[in-house]
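Understanding the architecture of this molecule
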Number of protein chains: 2
Amino acid sequence: MTPSVDYRLVYWPKLQGRGEFIRLALEDAGASYEDVARGPQGMTAIFEYLRGEQPGQLPLAPPILVHGELVITQVANILAYLAPRLNLVGDGDDERAVALQLQLTVADLVAEAHDTHHPVSTALAYDEQKDAAKVRSSAFLDARLPKFMGYFEHCLERANGGDFLVGRAHSYVDLSVFQLMEGLSYAFPRSMSQLSSRWPRLTRLRDRVAARPNVASYLASERRLGFNEDGIFRHYPELEGE
Amino acid sequence: MTPSVDYRLVYWPKLQGRGEFIRLALEDAGASYEDVARGPQGMTAIFEYLRGEQPGQLPLAPPILVHGELVITQVANILAYLAPRLNLVGDGDDERAVALQLQLTVADLVAEAHDTHHPVSTALAYDEQKDAAKVRSSAFLDARLPKFMGYFEHCLERANGGDFLVGRAHSYVDLSVFQLMEGLSYAFPRSMSQLSSRWPRLTRLRDRVAARPNVASYLASERRLGFNEDGIFRHYPELEGE
């Protein structure tokens, strides 16, 4: 561990996964943090927390954020905690409640994207549930994906100016929706390409976030892992009906 | 609408569902609230919000909480917003982050409990996905349910005294874990009965919450709807292998 950093993220070292929503916020804010399991300790760091060998609240699953004596999990919770400290959300309970609501809606779609390749059980491999995955993916692409993304587009349309999902400034929710669109485009490139004309404001938001200096520099760095078939967003062409 | 109430809950009027976690918090705190869609407006109230015909943040799905001009959704978000106002969480960012983490873990298990009867698509009826539901339920009962409940038991074991999940006092998380156990016992009575000896602290917590005067009075009232097969927790005996 590096004692001088402000934040420690404890997450699987070889995939973007749910941890990437937190990495993006830390990177965008230029925060001082350590991606612990990518350092010399490796995954031992994760298992020490999961086995209850570290003080603080017991985690059920990574990502884990450690800040001083505080140990917390759950992506939306971690982001809601970090955001006021990283200037990634406005002041006031109301604005923060709207942000968390949207972040939790992102989390719902992330969970559904995961379930496209694991509809039956997370204990079984993809190959063991491929038939169910095809049915689930078809329902996801026909109904759930358009419903959720259409909802976010509609939220932008109702927002002042349509540039930001929360309030009048960039927030952690914009970063997460960017990552959601990146992941969905990796997993379902054909569907995302076909559907994206329905979401002009989201497309603009995605471009705006990608161009933020710290984000652009992060995406071009070795710190940004590639998408792969161990993460949440997996590209199995047969799930898009190919 | 009753203009004099502090809070308005907008949720399906004939089922407990996700709204019940919020009803319980409002009831336990003795809050002044209206369960809008159970009043004369009925479900029209829900659709007005979903269609964007009301001001405030657009909701994707109920439950919706209206407090003054604020309109928010997502159970964990609504509870995190209400809890400081209803004295259902302690002071301080750290304690609140631990509470929200646990509430989101409750939400994860609630979602998995829902998916036992709808593993393939929410657009299909249960009867159309019964075979997949059996496989998913078996994985849920063998692995996921013991994992999550064992986690909550372990959290209580590590907590001071083991009576409360967060800090040193009753919180909204205790109420939600009570409701979770009620729902799981309705849906999977045999499994919950077999497993409950593993969770002595959770069983004590459940009894303690049920005995709180406002909770006991609510549970005995007409305001408490029964569980049924339109909600999240559904009793289909065949999913327990009967």
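Residues numbered from 1 in each chain as written. Chains lettered and ligands numbered in written order. Predicted model: local features only at pLDDT ≥ 70, side-chain atom pairs only at ≥ 80, totals over all residues. Heavy atoms only, no water.

Rotating chain B by 180 degrees and translating it 0.0 Å along the rotation axis places it on chain A, where the RMSD comes to 0.0 Å. The operation mapping one copy onto its partner corresponds to a two-fold rotation axis. Ranked by how close their C-alpha atoms come to the rotation axis, the residues of chain B are headed by Pro-119 of chain B, at 3.1 Å. Take the interface residues of chain B: 100% of them recur as interface residues in chain A, which is what a same-surface contact looks like. (Least-squares fit on C-alpha atoms with pLDDT ≥ 70 in both. Contact = heavy atoms within 4.5 Å.)

All names here are of chain A. Across all of its chains, the model carries 12 aromatic pairs over all chains by this definition. Arranged with centres 5.1 Å apart and planes meeting at 15 degrees, the rings of Tyr-186 and Phe-227 form a pair that is stacked. Placement of Tyr-186 in helix 6 (residues 172–187) and of Phe-227 in the segment after helix 9 (213–219) is noted, with a sequence separation of 41 residues between them. Classification of Phe-227 as partly exposed rests on a relative accessible area of 22%. Ring pairs connect the aromatic residues Tyr-186, Phe-227 and Phe-233, which therefore count as one cluster. (Phe/Tyr/Trp six-rings, centres within 6.5 Å; stacked < 30°, edge-to-face > 60°. Helix = DSSP H or I, 4+ residues; strand = E, 2+ residues; numbered from the N terminus. Buried < 20%, exposed > 50% of the residue type's maximum accessible area, 1.4 Å probe, protein only.)

Turning our attention to the confidence of the model for chain A. Residue-level pLDDT values for chain A average 95, and 98% of them are 70 or greater. In the predicted assembly, ipTM is 0.97 and pTM is 0.97. (pLDDT = per-residue confidence, 0-100.)

All names here are of chain B. Spatially, 2-1-3-4 is the arrangement adopted by the 4 strands of the open sheet, whose pairing is mixed. Looking at strand neighbours, the two that pair on one side only are strand 2 (33–35) and strand 4 (70–73), the edges of this open sheet. Neighbouring strand axes in the sheet, compared pairwise and without regard to direction, differ in orientation by 20 degrees on average. Where helix 3 (residues 75–85) meets the sheet, its contacts fall on strand 1 (7–10), strand 3 (64–67) and strand 4, and the angle it forms with strand 4 comes to roughly 130 degrees. (Pairing = 2+ DSSP bridges. Axes fitted to C-alpha atoms, helices over the stretch in contact; angles between N-to-C directions.)

Moving on, we come to the side chain of Gln-101 of chain B. Mapped onto the secondary structure, Gln-101 of chain B falls in helix 4 (residues 93–117). Among the polar contacts listed, one links the side chain of Gln-101 of chain B to the backbone nitrogen of Thr-73 of chain A, at a separation of 2.9 Å. Here Tyr-151 of chain B takes part through its side chain, which lies 3.1 Å from a polar atom of the side chain of Gln-101 of chain B. In this view, Gln-101 of chain B contacts Gln-57, Leu-58, Pro-59, Val-71, Ile-72, Thr-73, Gln-74 and Asn-77 of chain A together with Tyr-151 of chain B; residues no more than four positions away in its chain are not counted. (Polar contact = N/O pair within 3.5 Å; in protein donor to acceptor, adjacent residues only side chain to side chain.)

Quick look at the sheet that holds strand 3 (residues 64–67) of chain A now. Hydrogen bonds between backbone groups are what pair the strands of a sheet, and the pairing can be parallel or antiparallel. All names here are of chain A. Here 4 strands make up an open sheet; going across it, the order is 2-1-3-4 and the pairing mixed. Strand pairing shows two members of the sheet lacking a second neighbour, strand 2 (33–35) and strand 4 (70–73), which therefore form its edges. Averaged over all neighbouring strand pairs, the angle between strand axes comes to 20 degrees, with direction disregarded. Pairing geometry for strand 1 (residues 7–10) and strand 2, over 3 bridges, is parallel. Note on strand 2: the bridge partner recorded for Leu-9 is Asp-35. Of the strands in this sheet, strand 1, strand 3 and strand 4 are in contact with helix 3 (residues 75–86), which crosses strand 4 at around 130 degrees.

Let us now look at the interface of chain B and chain A. Contact with chain B, which involves 43 residues of that partner, is made by 43 residues of chain A. Buried area between chain B and chain A, both sides added, is near 3700 Å², and the carbon and sulfur share of it is 56%. Among the residues of chain B in contact with chain A, Leu-58, Leu-60 and Arg-158 of chain B are the three that bury the most area, contributing 18% of the side total. Scanning the region where chain B abuts chain A turns up 2 salt bridges. Across the pair Asp-93 of chain A and Arg-85 of chain B runs a salt bridge, and its minimum N-O distance is 2.7 Å. Between chain B and chain A we count 24 residue pairs in polar contact (both at pLDDT 80 or more) in total. (Buried area = accessible area lost by both parts, 1.4 Å probe. Salt bridge = Lys/Arg side-chain N within 4 Å of Asp/Glu carboxyl O.)

This part takes up the pattern of salt bridges. Residue and element names in this part refer to chain A. For the structure on display, the rule yields 37 salt bridges over all chains. Put simply, Glu-53 and Arg-51 hold a salt bridge, and the shortest N to O gap is 2.7 Å. The structure contains a network of salt bridges with shared partners spanning Glu-20, Arg-23, Asp-35, Arg-38 and Arg-224.

A few words now on the layout of surface pockets. Of the voids in this model, the second largest pocket is the one considered here, and its volume is about 600 Å³. Along the walls of the second largest pocket sit 24 residues, with Ala-80, Asp-93 and Arg-96 of chain A together with Ala-80 and Arg-96 of chain B positioned nearest its centre. Elements represented by at least two residues in the lining of the second largest pocket include exactly helix 3 and helix 4 (93–117) of chain A together with helix 3 and helix 4 of chain B. Considering only residue class, the lining of the second largest pocket consists of 16 nonpolar, 2 polar and 6 charged. (1 Å grid on protein atoms, 1.4 Å probe; cavity = no way out; pocket = protein on both sides within 12 Å on 5 of 7 lines; lining within 4 Å. Points joined across faces, edges and corners; volume = space filled by probe spheres on them. Nonpolar A, V, L, I, M, F, W, Y, C, P; charged D, E, K, R; others polar.)

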